[in-house]
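# Structure assessment
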Amino acid sequence: MTGAATSPFEGHVPVLRLGGVLLVTLQGDLYDSTAEQLQQDIGETAADSAVTGVVIDLSGVEIVDSFMGRVLSDVAAMTRLLAAQTVVAGMRPAVAITLVELGLTLPGLRTALNTEEALRLLGAEVAALPRAGRARGESP
Amino acid sequence: MTHSTGSVSACLPINSDLDLVRVRQHVRQMTAQLGFGLVEQTKLVTAASELARNALVHGGGGQMECTSVSSGGIQGLRLVFSDQGPGIVDLDQALSDGYTSGEGLGMGLGGARRLVHEFSIDSRRGIGTTVTVTSWNSRPPRPREAP
C-alpha cells in the first residue's frame, strides 16, 4: 500500500463552542464510525449547553456520499429537536454537483458559502469573537 | 507504456469501514493519475463509496477490482465490486430511488448508476452480486436518463 495523501480521520472530530454556536470542521476522509460519533458528540454538547446553532464546515471534505449525507441531515434534524439550527458551510462545487446527481438534495439542510456567512445566518454574536478594532466604534 | 485493457491494477478487500476509506482513496488516486477532472473524480469516488458500502452492508463484505482501460485513445477506469451475499431479489426495485432495505437514504445503487458512464449489475440469489462500472476521462456523448 502506498501512503495516502490525506490520512483518514478516526476517533473524535473536535466540536468547538463559540458563544452560542458549535463549530465543527471536517477534514479529509471520515470513517463511518467517526461520522456517527460526531453526530452523538454534537447532540450531547448541544443538549448540555445553551447552543442555538451548529456550523459544519465542509470546505476540507472531498466527497459526501449517501451515508455522509444521511449523517448531515440527521444532525440537522436532531439539533432542531434540541432547539438549535444547523448550517452546512463551504461545500465544494464538485461535491454539490455529485450530490445532486446522486439524488441527494438534502432538503431541510441550511447552507452557507463559508463559515462567516453561516455565523451571520445564525445571527451569532460575532462580537463574541474578539477582533482587533472591529466593533469598537459600532457598539456603544 | 500503453494502457492495455483488462490489466487489473489492484484488488482491494471490502470488509470494514476502514476498507471503505481505502477504496475511496485508491479510486481518487487512480482517477487523478488518469487525468480525470475534479468533478469526474468526485463522481467516481462517490459511486465507488456507495457500491463498496452496498457490498459491505448487504453482501456481508467483498472486494473491488480496479482496472485502467482504454478505448479509442480515451482512458478510463473500470471498477468491479463483488460480494457473495444473498443477492438482490428485485433489481428494478433496488435501482429505484428511495428504495432502501436498511439504513441509508435509498440512493446507493440508483445514485451510483447516475454518477458513472457505464453500469452493469449481475445478481444471483444465494450466490452474490457483481456491479461493474466504468468512467472515461473524456466524456463520450452519453444518453441522459429521464429522471
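Residue indices follow the written sequence of each chain, beginning from 1 at its first position. Chains carry letters from A onward and ligands carry numbers from 1 onward, assigned in written order. The predicted origin of the model limits local features to residues at a pLDDT of at least 70 and limits the giving and counting of side-chain atom pairs to 80 or more, whereas totals for whole chains, interfaces and linings rest on all residues.

## Some details on the nonpolar core
Note the threshold: What makes a nonpolar core is a set of buried Ala, Val, Leu, Ile, Met, Phe, Trp, Tyr and Cys residues, with links drawn between C-beta atoms within 7 Å. Counts of 20 or more other C-beta atoms within 10 Å of a residue's own C-beta define buried residues, counts of 12 or fewer define exposed ones, and intermediate counts define partly exposed ones; C-beta atoms are placed from the backbone. Strands here are runs of E lasting at least two residues and helices are runs of H or I lasting at least four, both read from the DSSP assignment and numbered beginning at the N terminus. What counts as a contact is two residues whose backbone-derived C-beta atoms lie within 7 Å of each other.
Of all hydrophobic cores here, the largest spans 62 residues; its most connected members are A:Val54, A:Val55, A:Ile56, B:Ala48, B:Leu51 and B:Ala52. Among the elements that make up this core, the one with the highest residue count is helix α2 (residues 38-57) of chain B (eight residues). Sequence-distant contacts of A:Val55, that is, excluding residues within four places in its chain, are made with A:Val21, A:Leu23, A:Val24, A:Val87, A:Ala89, A:Thr115, A:Ala118 and A:Leu119.

## What to know about the UniProt feature "domain: STAS" (unreviewed entry) in chain A
Counted only if it meets this: UniProt positions are given in the numbering used here, feature names are shortened, and annotations may be inferred rather than shown by experiment.
When the UniProt feature table is mapped onto this chain numbering, "domain: STAS" (unreviewed entry) sits at residues 11-122 of chain A. Span residues 11-122 of chain A is 45% helix and 24% strand, its end C-alpha atoms 28 Å apart.

## Observations regarding the sheet that holds strand β5 (residues 110-112) of chain A
Residues and elements named next belong to chain A. Counted only if it meets this: Here, a strand pair is defined by DSSP locating no fewer than two bridges between the strands. Every axis in this analysis is a line fitted to C-alpha atoms, fitted for helices over the stretch in contact. Angles between the N-to-C directions lie between 0 and 180 degrees.
Strand order in this open sheet of five strands is β1-β2-β3-β4-β5, and the pairing throughout is mixed. Strands with a single pairing partner mark the edges of an open sheet, and in this sheet they are β1 (15-18) and β5. Each strand axis lies, on average, 25 degrees off the axis of its neighbour in the sheet, ignoring direction. As paired elements, strand β2 (residues 21-27) and strand β3 (residues 53-60) share six bridges and run parallel to each other. Bridging from a neighbouring strand, Gln27 pairs with Gly60 of β3. In the packing of helix α2 (residues 66-81) onto the sheet, the strands contacted are β3 and β4 (85-89), and the crossing angle to β4 comes to about 150 degrees.

## Quick notes on the pairing of β2(A)
As a general feature of sheets, a regular strand has side chains that alternate between the two faces. Residue and element names in this part refer to chain A. Inclusion rule: The handedness of a crossover follows from its direction of travel: if, with the strands pointing away from the viewer, the path from the first strand over the helix to the second runs clockwise, the crossover is right-handed.
Here β1 pairs with β2 via four bridges, running antiparallel. By the bridge assignment for β2, Arg17 is matched with Leu22. From the end of β1 to the start of β2, which pair antiparallel, there are two residues, and Gly19 there has a positive phi angle of about 60 degrees. The β-α-β motif built from β2, the intervening helix α1 (residues 32-48) and the parallel element β3 has right-handed crossover chirality.

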